[in-house]
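Observations on chain architecture
Below are the chains, spelled out letter by letter.
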Amino acid sequence: MSERVIRLATADDDLTAAGALTAEAFRADGLLDDGDAYLSELRDAARRAREARLLVALVPADGPVEDGRDGIDSGAGVRGGTGVPEGGAGVPDGGAGAPDGGAGAPDGGAGAPDGGAGVPDGGAASPSTRMALVGTVTVAPAGSPYADIAGPGEVEVRMLAVAPRARRRGIAEALTRAAMLDAAGLGAERVVLSTTDAMTTAHRLYARLGFVSRPERDWHYGSLALRVYTWDVPRGPGARVESAVWHPREVRHVGGWRVGLSGGFTRRANSVLALAEPDDVTESIDEVERIYAAVGQPAIFRVCGQSRPDDLDDLLDARGYSDVSHTVVMVRETLDGLPAVDVMDFVRDADDADDADDANDANGLDRSDDAEGLDRSDDADGSDGSGESDDSDDASGSDFADGSDASDASDGALNLDAEVEIGKSSDASPDGFAYVVTDEPDEAWLAAWLATKAQEPVDHSLAASVLSGGRAIYVRAQDAGTGATVGVIRAALEQEWVGLSCLVVRPDARRRGVGRALTLGALRLAAARGAQRAFLQVVDSNEAAIALYGQLGFGPAERYHYRQR
């Protein structure tokens with residue numbers, strides 16, 4: 001698993017190290033000398049943390065720095081801009097200076113315990129591991145002292161810096177993604193940054209992450225020309241659509257809140273969706289607690305930007321509710337232009353494939369962590385007693401479990417186009433896999449998913465009742481020789497949306513394009529049935545999965561978290 005951690009800087013040690021690192025990065029690239037007064041500004045990370053939000057990247061101090069893909073080894077950037085990917089940027093002393101805050105990272109939810117929006121902690125390092133700070137970035141909402149060009153609804157990325165010894169290892173890209181997730185967590189409409197013409201490697205990174213050059217917004221700091229790039233935060237589906245694709249088996253209503261009950265199977269199906277404000281909030285919380293206590297389950301609330309009352313998170317915190325699981329909602333804004341998956345058409349009936357169900361070895365879909373750190377998206381401290389992990393399962397974790405770069409998987413794994421019929425299976429692809437499509441989760445699909453998803457045995461009929469609460473497509477990849485299931489995905493349809501979830505690939509089938517093929521195939525099937533946009537949920541600490549889905553055109557749009565007692 002990845003042991004890199006990206007989080008909000010809070011401790012004094014964080015601030016001291018972040019300030020020193022930023023100054024070091026500028027000096028290492030020859031942008032400043034030891035006598036430059038601007039070094040004091042760069043070292044003052046404490047001010048940036050007070051007046052904005054400061055994100056930091058850490059790696060185990062005694063281990064190697066994690067490999068990455070951005071390949072950028074530029075230095076600290078320029079005194080006036082937002083910083084180049086492996087470097088820093090920082091506005092000079094005479095400028096506004098970029099704030100240090102940020103919106104919290106991917107799964108920030110409605111207020112993380114530290115008062116921020118929840119920055120992903122992306123790491124697997126144990127609490128006892130000694131960590132070294134290797135990078136930092138400042139995220140400045142419009143109107144903050146460090147926002148130079150951000151307008152209403154915008155967040156500005158500033159002072160991106162990576163320690164010279166840690167460059168060319170993906171730190172800059174990870175920090176930039178974290179800043180984007182921060183912005184989405186803050187509810188921003190757009191992220192803006194400034195760079196220079198010379199920073200061509202940075203430009204390529206920004207383009208890869210979805211930023212667009214905005215020449216009409218270019219500006220100068222003295223004689224230095226600064227180029228502006230922007231990224232628009234996609235519009236998310238909202239809590240109602242998200243809940244509609246994962247419907248509780250039973251729903252009760254308390255003061256306008258929807259209370260889900262599903263035998264403890266998944267938090268999403270066993271939590272309160274609080275989208276209206278009760279006349280008596282305290283009494284409504286009391287009633288929710290009585291309902292869950294009567295069925296032997298913990299009281300769980302989903303908290304997001306749409307939750308009512310606005311201070312619900314604070315109220316639950318005051319009552320002793322723990323902050324247990326943070327999720328980022330990622331969106332692909334169009335299903336046009338999906339990458340091709342050019343193989344055979346579906347030509348044979350699924351009966352033969354179904355006959356092979358007995359060949360499935362559910363234990364073969366084990367809980368092994370993927371080599372690239374794509375975990376199961378479960379929340380270690382938030383099990384709900386159902387034997388089922390956090391609901392971010394959905395399209396994350398061992399979910400995109402190829403364990404590979406989304407661009408390196410074979411394009412020859414699957415052809416799921418508009419002609420595919422429900423209940424049909426493909427001939428074997430060049431990779432030796434066939435694919436079965438159904439409109440209900442069959443036993444082979446359920447066994448494959450639950451073998452990885454569930455922490456302990458789960459009643460398949462219970463799981464099926466939750467999954468079958470709405471219209472969906474279920475795709476199962478199987479070994480063409482043995483008939484054993486090697487991967488599954490679910491694509492749920494609601495309004496113009498398709499919600500991807502339950503993506504699992506067996507460890508011995510990873511790095512062969514199955515996860516990518518399942519994802520793209522599910523999107524194609526959904527588009528053929530009228531879907532126009534797609535979303536999925538990823539646990540916010542799953543940096544690798546977030547990056548992989550980013551390569552398939554998904555960007556962070558919303559965040560939510562759970563409070564549990």
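Reading the values: rules and limits
Residues numbered from 1 in each chain as written. Predicted model: local features only at pLDDT ≥ 70, side-chain atom pairs only at ≥ 80, totals over all residues. Heavy atoms only, no water. Core = buried A, V, L, I, M, F, W, Y, C linked by side-chain atoms within 4.5 Å. Buried < 20%, exposed > 50% of the residue type's maximum accessible area, 1.4 Å probe, protein only. Helix = DSSP H or I, 4+ residues; strand = E, 2+ residues; numbered from the N terminus. Contact = heavy atoms within 4.5 Å. Axes fitted to C-alpha atoms, helices over the stretch in contact; angles between N-to-C directions. Parallel < 35°, antiparallel > 145°, perpendicular 65-115°, else oblique. Nonpolar A, V, L, I, M, F, W, Y, C, P; charged D, E, K, R; others polar. Salt bridge = Lys/Arg side-chain N within 4 Å of Asp/Glu carboxyl O. Polar contact = N/O pair within 3.5 Å; in protein donor to acceptor, adjacent residues only side chain to side chain. Patch = residues over 30% accessible without salt bridge, like charges linked within 9 Å, V, L, I, M, F, W, Y side chains within 5 Å. Areas by Shrake-Rupley, 256 points an atom, 1.4 Å probe, with all protein chains shown as cover. Lys, Arg positive; Asp, Glu negative; His and termini not counted. Charge placed at Lys NZ, Arg CZ, Asp CG, Glu CD. pLDDT = per-residue confidence, 0-100.

Looking at the nonpolar core
- In this structure, V137, L175 and F211 are the most contacted members of the largest nonpolar core, which totals 47 residues.
- Of the residues forming this core, the biggest block, nine residues, is contributed by helix α4 (residues 171–186).
- Sequence-distant contacts of F211, defined by excluding residues within four places in its chain, comprise T176, M180, V191, L193, Y206, Y229, T230 and W231.
- One finds M330, L338, I473 and A545 within the second-largest nonpolar core, a separate group that totals 37 residues.

Details of the packing of α4 against helix α13 (residues 543–551)
- The interhelical angle for the contact between α4 and α13, taken along N-to-C directions, is 85°, at an axis separation of 11 Å. As summarised for this structure, α4 and α13 are arranged roughly perpendicular, according to the angle between their axes. Along the contact surface, α4 presents A174, R177 and L181, while α13 presents E543, I546, A547 and G550.
- Grouping the constituent residues of the contact of α4 with α13 by class yields four nonpolar, one polar and two charged.

Some details on the pattern of salt bridges
- Taken as a whole and assessed by the stated rule, the structure comprises 28 salt bridges.
- With its nearest N and O atoms 3.6 Å apart, the salt bridge here joins R235 to E496. Highlighted residues: R235 in the loop between β8 (224–232) and α6 (239–244) and E496 in the loop between β18 (485–494) and β19 (497–505), separated in sequence by 261 residues.
- Overall, E496 belongs to the partly exposed group, its relative accessible area being 22%.

Thoughts on unusual backbone geometry
- The omega torsion across R308 and P309 is 5°, close enough to zero to call that bond cis.
- The residue P309 is located in the loop between β12 (300–304) and α8 (312–318) in this model.
- Even without glycine at this site, R168 takes up a positive phi of about 65°.
- By the element assignment, R168 lies in the loop between β4 (154–162) and α4.
- Here C502, not a glycine, exhibits a phi torsion of approximately 65°, which is positive.
- By secondary structure assignment, the location of C502 is in strand β19.
- The class for C502 is buried, based on a relative accessible area of 0%.

Some thoughts on helix α10 (residues 443–453)
- With ten of eleven residues buried, α10 lies mostly within the body of the structure.
- Among the residues of α10, A444, W445, L446, A447, A448, W449, L450, A451, T452 and K453 are the ones counted as buried.
- Of the surrounding secondary structure, the elements contacted by the buried residues of α10 are α11 (460–467), β17 (472–479), β18 and β19.

Considering the side chain of E154
- Along the polypeptide, E154 turns up in strand β4.
- Since its relative accessible area comes to 6%, E154 is described here as buried.
- Here G151 takes part through its backbone nitrogen, which lies 2.7 Å from a polar atom of the side chain of E154.

Description of α11
- Those residues of α11 lying buried are L462, A463, A464, V466 and L467.
- Buried positions along α11 lie against α10, β17, β18 and β19.

Re a negative patch on the surface
- The grouping of E277, D279, D280, D311 and D314 at the surface amounts to a negative patch.
- Along the chain, E277 turns up in the loop between β11 (272–273) and α7 (281–294).

A short note on the confidence of the model for the protein
- On average, residues of the protein carry a pLDDT of 77, and 71% of them reach 70 or more.
- The low-confidence segment residues 64–124, where pLDDT is below 50, has 307 contacts with residues more than four positions distant or belonging to other chains.

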